[in-house]
Number of protein chains: 2
Amino acid sequence: MKQIAQCVGVSVSTVSLVLNGRDGGRVKPQIAQRVREAADEMGYQPNALARSLRTSRTHIVGFISVEVATTPYAGGMIQGAQDALSALGYVLLTVNGDDAQAVDAEVGALRRYGVDGFLYSAMSNRVVDVPKSLTRFPLVLVDATDADGRFPSIEPDEFRIGYDATTRLIDAGCRRIAYVGCAEPMVAQTGRFEGYRQALVDHGMDVDERLRRDVLNNGPALRAVEGLFDAERPDGFFCFNDARAWYVYEAAARRGLTIGGDVSVVGVDNHRVFAETLEPQLTTIELPHYEMGYWAANRLVARIEGRAINESAWPRTTAVMPLLDTPSPAKVHCTLIEKSSVRASR
Amino acid sequence: MKQIAQCVGVSVSTVSLVLNGRDGGRVKPQIAQRVREAADEMGYQPNALARSLRTSRTHIVGFISVEVATTPYAGGMIQGAQDALSALGYVLLTVNGDDAQAVDAEVGALRRYGVDGFLYSAMSNRVVDVPKSLTRFPLVLVDATDADGRFPSIEPDEFRIGYDATTRLIDAGCRRIAYVGCAEPMVAQTGRFEGYRQALVDHGMDVDERLRRDVLNNGPALRAVEGLFDAERPDGFFCFNDARAWYVYEAAARRGLTIGGDVSVVGVDNHRVFAETLEPQLTTIELPHYEMGYWAANRLVARIEGRAINESAWPRTTAVMPLLDTPSPAKVHCTLIEKSSVRASR
DNA sequence: TTGAAAGCGCTAACAG
DNA sequence: CTGTTAGCGCTTTCAA
């Protein structure tokens, strides 16, 4: 800046004004122009550090994620956040928080760098305990629910996922629709099962507890699903996630049943391996990880900068689900919901 | 710091010295102690920004990754880098670079924040073109190869992966060992196939081109693998990655063949879905993503700080591979190799 | 419409 | 052994 000032023959303050777009009737347009040209020519890059030191705003956002290392979806969410932030002139500092201690340590580090706010994500919608060290910052939860509702969050509409998936199976002519879920309690699980149940009820169908299996993994899970096949002979399956869907695929394969022919399956988030291998048989409800990251980041920055967000840009649409029984791949983006904290909605 | 100085009755410089551990025979131990106590009491957190502004060292490292969003392994690598850096007092700024333009934009952002160096990764060992904007920084490649060998890199020993996997299949009694690879050219692919070939030669077995199938994905890939089964009747398979392994599993299932019984399979990086479902049948060579991130980060910091790295801590061991035909899960960490740039090795 | 000057929180050379 | 002083590069009153 000093160089530019010297070169153009003005003072540093003038340069600062111009380069920050704060020259509105304050600097002669001619001079402003010359400043801009000089800056360009000299390849001026502002020093973000110095600026932050002065303004005490870093334009850095921290992303705290439990299980980054173990889930394949973290990437999409992070990418979404990054794209949104990048457009807003922010950058993302990602940090893993597999144990509480690590989180505190990392949060400490980020605080030292003066991050402006945090995104906190659990990678599978569940009730989380937000670390106390975070509560003093602007904070938005992604794919996670705050027990006390103190923080705004971006979550998939779990109920609707279950409802839509089940409705689709009913429309495809399924009459005995099984629910293959997860044995761990989660918001996602509760919501999706409720949606499943409600869809059955709304279509005048029985909710039969025997058609529900909550399984963990590996052999026992596979055997449970095989038991479900043999005992109940379902003609449709709603699977909580990719791993659960796999047990259904495997059990069906072992029985010579084809997906999309003998039985119908809707799964949530069947990921890369499935996409590369089973695509033609797949009907997937795809969790909008990218979008969650994107909108959470937008929301956070709005909060940091104390301005409102453009609600009309909010993605609420659900794509039409193609027929299960046709061999066309089907990806359905699910709806997002936003929970604002009390403070936010005031 | 001012407050601490005031409170203890010394000057800010003294506080600075003490808090940076630079008080060796320069500050009276008594005073140093009092300073530390005061700092603790007041919950002093150094302002990293101010420090960086002064020292022009930020202790921030940028991680540029192609395909973060689409690969499930990014997490492990990032986690490894983060853990290593965290221990060294650094933090990681992750940035995605799916297209070159995006990379340049993000690199620009990181430069403005004054990052000290970069990690650059491709997520599947291949020759990469390092963006010019990066070449002026300390830089280490992870799971990627530099065409011109100008930069140090951390890569899996691809040849050895292929060699070990194939040897294991031979030891298990396989006589017709197929290679199921990827139709895109990659360092990983070349190296692993060479290892496969060499292992066969070293054991006096024929290398039969008909036993090799390079496939892409989805239906055509599955059909190619089914063709391989039917035409060649292999009794062992070395699979380039998880997706390829899946075609083998599926084709075997359709023929009523069991893995570990009728045929043997060694795959690379069979990930979460497999681990949760097929575990008992799996023999996996697990790419050490975490370790790659970890050691690349260490290497980078050594370079940034101009010091040597402790080579003895370098992970070079390969675990013993359990028998294929026993139904015990097997994960084998592969060896890493490091390629130092000319400059580094000088 | 512009410039001078102060200061964000810290480090480091130098003087005492 | 400790304090004084001068900035790092930028923003922002305030005065001209």
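Because the structure is predicted, anything quoted here is derived from the model rather than measured. (Residues numbered from 1 in each chain as written. Chains lettered and ligands numbered in written order. Predicted model: local features only at pLDDT ≥ 70, side-chain atom pairs only at ≥ 80, totals over all residues. Heavy atoms only, no water.)

So, the overall build of chain A
Here is step 1 of the chain: Along its length, chain A carries 13 helices and 14 strands.
Here is step 2 of the chain: Counting over 346 residues, chain A shows a buried share of 54%.
Here is step 3 of the chain: Excluding contacts between residues fewer than 6 apart, the proportion of contacts in chain A whose partners are at least 24 apart in sequence is 67%.
Here is step 4 of the chain: Accessible area of chain A: about 14,900 Å², with a carbon and sulfur share of 49%. (Helix = DSSP H or I, 4+ residues; strand = E, 2+ residues; numbered from the N terminus. Buried < 20%, exposed > 50% of the residue type's maximum accessible area, 1.4 Å probe, protein only. Contact = heavy atoms within 4.5 Å. Areas by Shrake-Rupley, 256 points an atom, 1.4 Å probe, with all protein chains shown as cover.)

Things to note about the packing of helix α9 (residues 218-232) of chain B against helix α10 (residues 242-254) of chain B
Residues and elements named next belong to chain B.
Here is step 1 of the chain: Relative to each other, α9 and α10 sit at 60 degrees, their axes nearing to 9 Å. Between α9 and α10, the interaxial angle falls into the category oblique. The way α9 lies across α10 gives a crossing that is right-handed. Note on element contacts: α10 touches α9 through Tyr247, Val248, Glu250, Ala251, Ala252 and Arg254, opposite Asn218, Ala221, Leu222, Val225, Glu226 and Phe229.
Here is step 2 of the chain: Grouping the amino acids of the contact of α9 with α10 by side-chain chemistry returns eight nonpolar, one polar and three charged. (Axes fitted to C-alpha atoms, helices over the stretch in contact; angles between N-to-C directions. Parallel < 35°, antiparallel > 145°, perpendicular 65-115°, else oblique. Left-handed = near helix turned anticlockwise from the far one by under 90°. Nonpolar A, V, L, I, M, F, W, Y, C, P; charged D, E, K, R; others polar.)

Comments concerning the protein's contact with DNA strand C
Here is step 1 of the chain: Neighbouring DNA strand C are 24 residues, the closest being Gly25(A), Lys28(A), Arg54(A), Tyr44(B) and Arg54(B).
Here is step 2 of the chain: Within 4 Å of the protein, the contacting atoms of DNA strand C are 68% sugar and phosphate, with bases supplying the remainder.
Here is step 3 of the chain: Within the side chain of Arg54(A), an N or O atom sits 3.1 Å from a base nitrogen of DNA strand C.
Here is step 4 of the chain: When contributions to the surface near DNA strand C are tallied by element, the ones reaching two or more residues are α2 (12-19) and α4 (48-55) of chain A together with α2 (12-19) and α4 (48-55) of chain B.
Here is step 5 of the chain: For the surface near DNA strand C, the element with the most residues is α4(B), which contributes four residues. (Near = heavy atom within 4 Å. Polar contact = N/O pair within 3.5 Å; in protein donor to acceptor, adjacent residues only side chain to side chain.)

Thoughts on the nonpolar core
Here is step 1 of the chain: Counting residues in hydrophobic clusters, the biggest one holds 103 residues, and the most contacted among them are Phe237(A), Leu119(B) and Phe237(B).
Here is step 2 of the chain: Counting 49 residues, the second-largest nonpolar core is a separate cluster that includes Ala122(A), Val128(A), Ile64(B) and Val130(B). (Core = buried A, V, L, I, M, F, W, Y, C linked by side-chain atoms within 4.5 Å.)

Some words on the protein's contact with DNA strand D
Here is step 1 of the chain: Contacts to DNA strand D come from 24 residues, most closely from Tyr44(A), Arg54(A), Ser13(B), Lys28(B) and Arg54(B).
Here is step 2 of the chain: For DNA strand D, the backbone portion of the atoms within 4 Å of the protein, that is sugar and phosphate, comes to 63%.
Here is step 3 of the chain: Asn20(A) is positioned with one of its side-chain polar atoms (N or O) 3.1 Å from a phosphate oxygen of DNA strand D.
Here is step 4 of the chain: In the environment of DNA strand D, a base oxygen lies 2.4 Å from a nitrogen or oxygen atom belonging to the side chain of Arg54(A).

Some points on α2(B)
Note on helix geometry: an α-helix contains 3.6 residues per turn, so any two residues three or four positions apart are oriented the same way.
Here is step 1 of the chain: Taken residue by residue, α2(B) has Thr14(B), Val15(B), Leu17(B) and Val18(B) as its buried positions. Burial along α2(B) is one-sided: seen end-on, the buried residues are contained in an arc of 160 degrees. (Arc of directions from axis to C-beta.)

Interpretation note: all reported values are geometric properties and have no functional meaning in isolation.
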